Structure formats: structure tokens, C-alpha cells
Amino acid sequence: MTLPAGTPTQLYIGGTWRDGSQGTFDVTNPSTGEVIAAVARAGTDDVDAAIDAAAAAQPDWATRAPRERGEVLRKSFELMIERADELAFLMSLEMGKSLTDARGEVTYAAEFFRWYSEEAVRVGGEVRMSPSGANRILTFKKPFGVALLLTPWNFPAAMATRKLGPALAAGCAVVLKPAEDTPLTALVLAQILSDAGAPDGLVNVITTERPGDVVEHALADDRVRKLSFTGSTGVGSLLLEQAAGRIVDSSMELGGNDPFLVLDDADLDAAVEGAMLAKMRNGGQACTAANRFLVAESVAEDFAKKLADKMGSLTVGAGTDESTQLGPMINAKQRDGIADKVDRSVSAGARVVIGGSVQSGDGFFYPATVLTDVPRDSAVATEEVFGPVAPIITVKDDDDALAVANATEMGLTGYVYTRDLARGLRVCEKLEVGMVGLNRGLVSDPAAPFGGVKQSGLGREGGFEGIEEYLETTYVATNW
Ligand code: NAD
């Protein structure tokens, strides 16, 4: 499978495409293990050039009429939809997700441009009387300045637009560094933004497979005033340490260990439908993926059987095959990490219902796997698996389910299935997470605040909240 003609592979800096000072690195199709592109490898000099360009574009962009900023985003939304098939194919090729998942992602990703084209014109301030009555309190919102955006490989388009949309709407110029496994989609997004009228230098994309040096160098630059990161909690923590040096404002969307609760009165067929979405979207490689199924004892056997039937019937294949429902994992390391967690959990007493071992052949495939009798302290229950593995843990009652659900330092998404809405809402309120799907297996929505609590993150993306991450407040004390 070859790269579509015209797919950019160079750095995008100051409105021009250019080679990286460090040569190139290979991007692989995870469905076959074959190299599909040699992409520019940026050095610290390229980082300097990207920040120079962004810093030059920043003041003008910040003072453009909000409507004008919105129009560039609106046009970008339209161009993304026009190029949806091409983008979906490219994502399937570089990331391995099924075309169905990829098409869904293009729509979801484009919506961030549309949503923030609408939010660009709604940035407000306020006027209040001070409690003493001595003066008025006026507040203004202003963009932070140059923003450094770092994205993961699992949603190559959506994780980028979820940052680009609000950053550009707020008036920030950006330097985007996509993940090394999936840089191509981000480069096409740069093309789209440019075609939509983004001025030169406003959006810069640098690619590298050695992110450490490049990112540390960027964070040390005085002109970078904002960091927005999506990725693992470990890297997020390291970046917060680096950002602390210059007190760079930071938004963090990090890892999860998401619980999926099936209460004893749940509609089991609906719960299984929801579980398929929450577990199998993107082959389980989603931060919102259900990581642990906490199922009431009385329904656990039925639930496990129904889920195993559905998961076991998925068609496995290359992401770019139209019939594929479950593609490969992103790379060999990720696949081997999943296998290791499953193996350790099976040694600790978990029982394999389906799947459970790596398939031979090309590409980085791991089979749909359902485990029952899963010990509460086993690897699949305590670590983010990031693959098509469904560990089922039986629980006595709602309190027991909540105790297991909350016994983690992660707190991104939770799912609750019950026929009793009041009971469901009581459980939702007690879950220590940033988002809950109540009788729904999908929570992501560009119009909703996405983010986690505890070690799953800082701040929110999407919704009304998302643009605030790129704005700071100035207050004026005055009277008239
Ligand atoms: P990762 O942390 O390895 O990489 C994320 C980004 O950080 C990539 O761009 C990578 O190049 C960069 N990076 C890696 N090491 C770095 C370093 N030392 N210094 C600077 N940058 C570095 O994560 P990943 O494997 O790409 O993504 C999977 C993780 O992301 C999972 O934990 C998942 O839960 C999380 N995730 C979270 C969300 C969310 O919204 N909360 C969304 C998607 C993924």
C-alpha cells in the first residue's frame, strides 16, 4: 500500500515546506510492517525557525477580528470534509485503524474546527462592582501567545484539531509536533489550514522521532507561553517539570484506567453494545477505552458470554481493507506490552475466554481478548492496556464497584449501565473521573468538556472550556 501522491513529508515552517536539518525518519504501516514514508527529522535549529515564524505571526493574528479568525477555522472544517476520504485512508495507512474508525475520526476532528469557528466570536470579559463599592472590576481575555502543541498517535487528526481549533480561535500562533508514528496526517492538516487562509507562520509543524531534545529546546524558549500535551502520564509529568522552569501554562490530557460498570439491573444487550464502542473503537487504543469491566455477580456470566461473542466475531485485517473491523496495534512495542500485561494477569489467575496470545504473520496484530476471574490487583486491572482486551471483574454491589473503580491514580472516563436513572446518577457522582457515559459507550463530543482528574490530566479540551486554556485574564480596577 503506497502513500497517496502529494502527501507532504517535509516540515511546515513560516508558510513553506522544507527539509529537516537532521535528515529523515521512517514511518511504517502497522498493518504490514512496511515503510510508507521518509519524513523530515527536525533539529533544534528547525525548532528555532518554527518559533521565530510563530512569534512573528502572533501579534497580527491576536488583533485580527474574531470573525476573521473564525472564518479561517470554518473554511478549514469545510476543506477537511471535502478531503475526508483521503484523510481517512491516510490515517488507516499510518495508524492501522479501520476505515470506519478513520472516517468517524475525520468527522469528529473537523467538528473541532467548526465548533471553535463559532467560539472565536464569543470570548468575553466582565464588569463588576468591587464588594467594597470603591471601584469597578473589568476583565479582559487575551491569548497566551505562541503555543506548543504535542499530540499522540492514536487519533492523529482529532488530537491535533482539538488543540489547533481553540488555540487559533483564541489568537495564539502554534508549533505542532505530532507523534513520530503518525506525522503525516498533521502535515496534511497544515496544508488544509494554509489553503483555508491561515497566514504564513501562524501554524508550523515539526516532525521528529526523537521528541525529547526538540521539545525541551522549545520549552526553554522565552517566546513559548503555552504547552498543550496529549499523551501518556509519564511523559506529561516529565513535561510539567520542564515547563516549571519558565512557569509555562500547561494543559495535559493524559492516560486512563477507565472503569465500565454494569449494575445488576442493566439492560445487558445495551451494555454489550456500549462495551463494544467503549472497548473496541480504535482497537482499544483510546484514552477513553474501557480498561476494566466491573460487573455485578448476578449478570457477570451472561455479560462475559455476550461480549465474547461480539468481540470474537470482528473481522481482523489491515486498516485500509474495507471489511476490517479490528486493525493492528500501532507498533511492535505496544503489541508486546499488551501481551505482557495479559500474560502476567493469566499467571495471576485470570481465565482466557477468547484471544490471549499474539498472532503470527506480518503487522502488529493482537486479537480481541476477553478475560474473566480477573484478580483486582492484576496487570490488566491496574495498568492502562491500550488494546482490544476486556478484563471482567465481578463485584458484589454498587459500593464495591465504586471502590474498585476509584482505586487508581487515573481518572479520565467511566461508564455506567443501569435501568434506574437515579441510581445511575448517584454512581456517576461518586466516580472519580472527568467524564462519564451513563448508558452510553461514547463520551467524546467537540461541544463537551473533555479531560480527566487525578493523574489523567489538567484542564479541558472541547466545549466552552477548551478555548479558556489558551486565554489569560487581565483585570483593570477603575471607576467612572
Ligand atoms: P506518549 O506520551 O508516548 O507520546 C505523546 C507525545 O509526546 C508524542 O508526540 C511524542 O512524540 C511525545 N513525546 C514522547 N516522549 C517525549 C519526551 N521525552 N519529551 C517530549 N515529548 C515526548 O503517548 P502515546 O504513546 O503517543 O499515546 C498514548 C497515551 O496517550 C496513552 O497513555 C493515552 O491514554 C494517552 N492519551 C490521552 C488522551 C486524553 O485526551 N487524555 C488522548 C489520547 C491519548
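How each quantity is defined
- Residues numbered from 1 in each chain as written.
- Predicted model: local features only at pLDDT ≥ 70, side-chain atom pairs only at ≥ 80, totals over all residues.
- Heavy atoms only, no water.
- Helix = DSSP H or I, 4+ residues; strand = E, 2+ residues; numbered from the N terminus.
- Buried < 20%, exposed > 50% of the residue type's maximum accessible area, 1.4 Å probe, protein only.
- Contact = heavy atoms within 4.5 Å.
- Arc of directions from axis to C-beta.
- Axes fitted to C-alpha atoms, helices over the stretch in contact; angles between N-to-C directions.
- Parallel < 35°, antiparallel > 145°, perpendicular 65-115°, else oblique.
- Left-handed = near helix turned anticlockwise from the far one by under 90°.
- Nonpolar A, V, L, I, M, F, W, Y, C, P; charged D, E, K, R; others polar.
- Core = buried A, V, L, I, M, F, W, Y, C linked by side-chain atoms within 4.5 Å.
- Domains from an automatic or database assignment.

Q: What is the right way to look at the environment of Val 295 in this model?
A: Relative to the assigned elements, Val 295 resides in strand E13 (residues 290–296). The class of Val 295 is buried, set by a relative accessible area of 0%. Discounting residues that sit within four places of it in the chain, Val 295 has contacts with Val 262, Ala 300, Phe 303, Ile 392, Ile 393, Thr 394 and Val 395.

Q: I'm lost on the side chain of Ser 31 in this one. Help?
A: You can see Ser 31 is positioned in the loop between strand E3 (24–29) and strand E4 (34–40). Among the residues examined, Ser 31 registers a relative accessible area of 6% and is labelled buried. Setting aside residues no more than four positions away along its own chain, Ser 31 makes contact with Gly 96, Ala 318, Gly 319, Pro 328, Asp 362, Gly 363 and Phe 365.

Q: I'm lost on helix H14 (residues 421–430) in this one. Help?
A: An α-helical segment advances 3.6 residues per turn. Residues three or four places apart therefore align on the same side. Every buried residue belonging to H14 is among Arg 423, Gly 424, Val 427 and Cys 428, and all of these are buried. Buried positions in H14, seen along its axis, are confined to an arc of 140° and lie on one side of it. Counted as exposed and oriented over 90 degrees from the buried face of H14: Leu 421, Arg 426, Glu 429 and Lys 430. In this structure, the buried side of H14 is in contact with strand E12 (258–262), helix H13 (398–406), strand E17 (413–417) and strand E18 (435–438).

Q: Any chance you could explain the packing of helix H2 (residues 66–82) against helix H6 (residues 183–195) here in plain terms?
A: For any two helices packed against each other, the geometry comes down to the angle between their axes and how far apart the axes lie. Close contact between H2 and H6 brings their axes to 8 Å; oriented N to C, the two are set at 125°. Considering the angle they form, H2 stands oblique to H6. H6 is crossed by H2, and the crossing has right-handed handedness. Each of Val 72, Ser 76, Leu 79 and Met 80 in H2 lies in contact with H6, whose residues at this interface are Leu 189, Ile 192, Leu 193 and Asp 195. Partitioned by chemical class, the residues of the contact of H2 with H6 number six nonpolar, one polar and one charged.

Q: Just to check I follow, could you spell out the nonpolar core for this structure?
A: One broad trend across soluble globular proteins is that nonpolar side chains are buried collectively. Met 80, Phe 260, Phe 293, Phe 303 and Leu 307 are the most contacted members of the largest nonpolar core, which has 125 residues in total. Top contributing element to this core by residue count: helix H4 (residues 99–119), with nine residues. Per-domain counts for this core show at least three residues from each of domain 1 (11–254 + 456–478) and domain 2 (258–445). Not counting residues within four places of it along the chain, the set of residues in contact with Leu 307 comprises Val 272, Ala 275, Met 276, Phe 293, Ala 390 and Ile 392. Of all hydrophobic cores here, the second largest spans 26 residues; its members include Ala 350, Tyr 366, Val 404 and Val 433.

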